[in-house]
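# Structural characterization, general
Chain residues, written in single-letter form:
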There are 2 protein chains.
Amino acid sequence: MTGTSLDSVDTALCKFYQEDGKYKFDLINYNEYELNREIRALILRIIDNNASIKELSQLNFYLAHLFADCSRRICSDINFNFDLVDLVSIHGQTIWHNPIPELFVDRKISSTLQLTSISALSTLLQKEVIGDFRSADIALGGHGAPIIPLFDYHFLKIQSEDVVALNIGGIANCTIMLKQSSIDDIQAFDIGPGNMLIDIAMSQFYDKNFDKNGETANSGMVIDELMDKLKSIEYIYSNPPKSTGRELFNESMINNFLIRKYKAEDVIRTLTEFTVYCIVYHIKKYAPINSTIIVSGGGRKNLYLVKLLINQLKYYKISLIDDYSINGDAKEAICFAFMGYINILNIGGNLPKITGSSSKLKLGISASNFIL
Amino acid sequence: MTGTSLDSVDTALCKFYQEDGKYKFDLINYNEYELNREIRALILRIIDNNASIKELSQLNFYLAHLFADCSRRICSDINFNFDLVDLVSIHGQTIWHNPIPELFVDRKISSTLQLTSISALSTLLQKEVIGDFRSADIALGGHGAPIIPLFDYHFLKIQSEDVVALNIGGIANCTIMLKQSSIDDIQAFDIGPGNMLIDIAMSQFYDKNFDKNGETANSGMVIDELMDKLKSIEYIYSNPPKSTGRELFNESMINNFLIRKYKAEDVIRTLTEFTVYCIVYHIKKYAPINSTIIVSGGGRKNLYLVKLLINQLKYYKISLIDDYSINGDAKEAICFAFMGYINILNIGGNLPKITGSSSKLKLGISASNFIL
């Protein structure tokens, strides 16, 4: 998968199986293959309506070629025989996500759009490929997100504890699983920005992809004026089901707040504090005191951000997902491999109470464009 | 399906089966449900790079809702029980087709893009949906077109005659099947404009969708200056495999020829003569004298165009597909239903010699987003 952060192709080679009625997986290999800067820039241009339909179509196939290479490399890097791979599962690059129905010509329409030609990928690899995991839920009135809660339930739920699975990727999202609850009691939603605003500002001010260890934030001061503007974003205070992405938290948004007029490190500090503010706001509102918070995603490596979280969530137990024998960088990629696995098992992938859709559904479409 | 002419949703309800080792079909119902003018205009804006990514994403889902309605209507209009439908097969609305590889960032890429969320359509109908029939062939270096020759071979081939299946839709294409030849000997390609240029000009000058019976053309004179410019388009003289579409033959193209400065009926006459010129050029070059030409598509109703064809192809036998017990309006829609049928039979849908791809392939992707 490639997430909202657009930094790399996160590629996981997994073996899924069932044991004692439970899903299990082995992570055989994981790597983040860097995404070409030109492609990253093009994706941003597409999202900002500054690309042609030809570029969009060409990118759709380019990504199939790129992901085909990554699929082969994740095997060849460890001399794993690619012929043994049964299935390739792909999230695709989100370029639009519009989960709330809006009047469109003469109908109320909601939609989501992930690029990567699934048919081309299947053709190039000569494997079955499953992808497009969000559309079906959207078509039934859901948000098509979050998808990760089912994975969290199967792999992170602890029967004797209240657990919050907190993923800090481009966007921050959380899954709240209370002790002794069932799958129908899970709460989950997108919190707001994860690393995205920080990364955008790091790119603008320093031409860097992210704030390593949070060092820049650590050297700056909070700008109250900017912080107040950020805190006024309505999404934060809206009720679940809710999901968000680069449509809201993007370059234009922070540029509208005129960040250029402040000192760079102060902007990074403020954005980091704001990101933590959003996370803390939601955890305090939705998760019981003493919950175990299991942090995954790139944001868990931002030491300053994690320090702020620990300081502001004193009555919660914060740990990293890596302590639970799950590679914290790989979690989302493993989750979408799991979505492919349950598609071929004909098992529903959405949790309607969480996405807001009207029914539990099989998610994903399938391509098997084999040479005959 | 919706073709390059963007006038209607051509919807066929078919039963396919095999008898004595041959494919057969019954056309149970056929209708052309008019495409909303606003949607037609939006599709054109998308192709012309004048729409936002949000509009593209919303249209992708809007079309799924629209096609779901058409799928139900083609049944309910004749009181056919929709529950009896096994499969929905959909071409999707082409918005880009780029069959020749071009350098894109760091790779040579060709691509095609059809809109309609297959996953949303499957979800809304609770049926298996097959679509996206061109991508796999493109991924193997083919043109992803034409797709109709396999259908022509199975349903229009006459062992004792040289046959040209000529479809005059938005684009004109032909399949040439010589007597006593096999499937590997078929030639087929896109000829050039079918009704498209005529329709665009009718829309500009008269705000009408097409030239009914060719009456406008019949009342005009050929403009030599414009005809010479049209005849200089290189695509006409290029060798197969070749395919084309609205990327080349579009509004900008004819506007570049400053058609506004001529009399309206003369422009329509000239475009009609040019369309016939392209067809005649290819038939004389590629089909033996005395071939039976079986004409399908909306263009066969343009009496003036057909009269020109008959005059200029004296040494060929011109007939309408309707004489062969196939509804001439429905042919392409039936063909794409057939493509869905052979996908589930695991039979290859492309003819590599014709599309130029490196292998015979299963075409199409599948969605079965069932409520569980």
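Refer to the structure above for everything that follows.
To start, this report covers the structure provided alongside it. Numbering of residues starts from 1 in every chain and runs along the sequence as written. Chains carry letters and ligands carry numbers; both start at the beginning, A for chains and 1 for ligands, and go up in the order they are written. Local features in this predicted model are restricted to residues whose pLDDT is 70 or higher, and side-chain atom pairs enter the listing and the counts only when it is 80 or higher, whereas totals over whole chains, interfaces and linings include all residues. Each side-chain value is worked out from all heavy atoms of the structure, with water and hydrogens disregarded.

This paragraph deals with the overall build of chain A. Helix numbers and strand numbers start at the N terminus; a helix is a DSSP run of H or I with at least 4 residues, a strand a run of E with at least 2. In terms of regular secondary structure, chain A is built from 13 helices and 12 strands. The atom set for the radius of gyration is the C-alpha atoms, and the globule formula is 2.2 Å times the number of residues raised to the power 0.38. For chain A, the C-alpha radius of gyration of 20 Å lies close to 21 Å, the compact-globule estimate for 372 residues. Along the longest, intermediate and shortest principal axes, the C-alpha atoms of chain A span 65 × 50 × 50 Å. Residues counted as buried form 61% of the 372 residues belonging to chain A. Sequence-distant contacts, at least 24 apart, represent 71% of the contacts inside chain A between residues at least 6 apart. In this description, accessible areas are obtained by the Shrake-Rupley approach with a 1.4 Å probe, and a residue is regarded as covered only by the protein chains that are shown. Looking at chain A as shown, the accessible area adds up to about 14,400 Å², and 48% of this sits on carbon and sulfur atoms. Lys and Arg are tallied as positive, Asp and Glu as negative. Neither His nor the chain termini are counted. Charged groups are reduced to one reference atom each: NZ for lysine, CZ for arginine, CG for aspartic acid, CD for glutamic acid. The positive charge centre, built from 36 side chains, and the negative charge centre, built from 42, are 3 Å apart in chain A. Accessibility here uses a 1.4 Å probe with only protein chains present; expressed as a share of the type maximum, an area under 20% marks a residue as buried, one over 50% as exposed, and anything in between as partly exposed. Any two residues having at least one pair of non-hydrogen atoms within 4.5 Å are treated as being in contact.

With that settled, consider helix H11 (residues 303–312) of chain A. Those residues of H11 of chain A that sit buried are Tyr304, Leu305, Val306, Leu308 and Leu309 of chain A. The inward-facing, buried residues of H11 of chain A contact strand S7 (163–168), helix H6 (196–206), helix H7 (215–219), helix H10 (264–286) and strand S11 (317–320) of chain A.

Below, the discussion takes up the interface of chain B and chain A. Accessible area lost during the coming together of the parts is what is often quoted as the interface size. The partner chain A presents 63 residues to the 63 residues of chain B that form the contact. Values labelled buried area give the accessible surface lost by two parts on being combined, using a 1.4 Å probe and summing over both. In total, about 5,100 Å² of surface goes out of reach between chain B and chain A, with carbon and sulfur atoms giving 63% of it. Looking only at chain B, the three residues that lose the most surface to chain A are Ile53, Gln58 and Phe104 of chain B, adding up to 13% of its buried area. Here, a salt bridge means any side-chain nitrogen of Lys or Arg that lies within 4 Å of a carboxyl oxygen of Asp or Glu. At the boundary of chain B with chain A, the tally comes to four salt bridges. Its salt-bridge partner being Lys54 of chain A, residue Glu102 of chain B comes within 2.8 Å of it at the nearest N-O pair. The term polar contact refers here to a pair of N or O atoms within 3.5 Å; inside protein, the definition further demands a hydrogen-donor-capable atom paired with an acceptor-capable atom, and it admits residues adjacent in sequence only when both atoms are side-chain atoms. Taken together, the links from chain B to chain A amount to 27 residue pairs in polar contact (both at pLDDT 80 or more). Sorting the residues of the side of chain B that touches chain A by element identifies helix H1 (37–47), helix H2 (53–76), strand S4 (93–104), strand S5 (107–115), helix H3 (118–125), helix H4 (135–139) and strand S12 (365–367) of chain B as the ones contributing at least two each. Residue polarity is assigned by list, with Asp, Glu, Lys and Arg as charged and Ala, Val, Leu, Ile, Met, Phe, Trp, Tyr, Cys and Pro as nonpolar; anything else, Gly included, falls into the polar class. In terms of residue class, the side of chain B that touches chain A is built from 30 nonpolar, 23 polar and 10 charged.

A separate point is the side chain of Lys127 of chain B. All names here are of chain B. Residue placement: Lys127 occurs in the loop between H3 and strand S6 (128–131). For the buried Lys127, no salt bridge is present, and the opposite-charge side chain at shortest range is Asp83, 5.0 Å distant. Engagement of the side chain of Lys127 in a polar contact is seen with the backbone oxygen of Phe82, the distance being 3.1 Å. Polar contacts involving the side chain of Lys127 include one to the main-chain carbonyl oxygen of Val85, which spans 2.9 Å. If we skip the residues at most four places from it in the chain, Lys127 touches Phe82, Asp83, Val85, Val88, Ser122, Ala367 and Phe370.

This part is about the packing of aromatic side chains. Within a pair of aromatic rings, the relevant descriptors are the distance that separates the centres and the angle that separates the planes. Each Phe, Tyr or Trp ring (for Trp, its six-membered ring) is paired with any other whose centre lies within 6.5 Å, and the angle between the two planes then decides the class: stacked below 30 degrees, edge-to-face above 60, tilted in between. Going through the model one piece at a time under the given rule, you end up with 36 aromatic pairs over all chains. An angle of 50° between the planes, with centres 5.9 Å apart, marks the rings of Phe16 of chain B and Phe25 of chain B as tilted. Ring geometry for Phe25 of chain B and Phe151 of chain B: centres 6.0 Å apart, planes at 35°, overall tilted. Taken as a pair, Phe25 of chain B in strand S2 (residues 22–34) and Phe151 of chain B in helix H5 (residues 148–156) lie far apart in primary sequence, 126 residues in all. Of the two residues, Phe25 of chain B and Phe151 of chain B, neither departs from the other in class, the shared state being buried. By the ring-pair criterion, three or more aromatic residues cluster together here, those being Phe16, Tyr23, Phe25, Phe151, Phe155, Phe338 and Tyr341 of chain A. Note on geometry: a ring has a charge over it if NZ (lysine) or CZ (arginine) is within 6 Å of the ring centre and within 35 degrees of the ring normal. Over the aromatic face of Tyr62 of chain B sits the side chain of Arg107 of chain A, whose NZ or CZ is 5.3 Å from the ring centroid. Over the ring of Tyr235 of chain A we find Lys242 of chain A, and its NZ or CZ is 4.6 Å from the ring centre.

In this section: H10 of chain A. Across its 23 residues, H10 of chain A extends 33 Å between first and last C-alpha, which sits within 8% of the 33 Å expected from 1.5 Å per residue. With 18 of its 23 residues buried, H10 of chain A lies for the most part within the structure. Given the number of residues in a helix, its expected span is that number minus one, multiplied by 1.5 Å.

Bringing the sheet that holds strand S9 (residues 187–193) of chain B into the picture now. All names here are of chain B. Strands pair, by our definition, only if DSSP identifies at least two bridges between them. On the basis of which strands lie adjacent, the open sheet formed by five strands has the order S9-S8-S7-S10-S11 and mixed pairing. Either end of the sheet is taken by a strand with one partner, and the two such strands are S9 and strand S11 (317–320). For this sheet, the mean angle separating the axes of adjacent strands, direction not counted, is 20°. Pairing analysis gives six bridges linking strand S7 (residues 163–168) to strand S8 (residues 171–177), with the strands arranged antiparallel. Paired with Asn167 across the two strands is Asn173, which belongs to S8. In this description, a line fitted to the C-alpha atoms serves as the axis of each element, helices being fitted only across the stretch in contact, and the angle between N-to-C directions of two axes falls anywhere from 0 to 180 degrees.

Nothing here speaks to function; it is geometry throughout.
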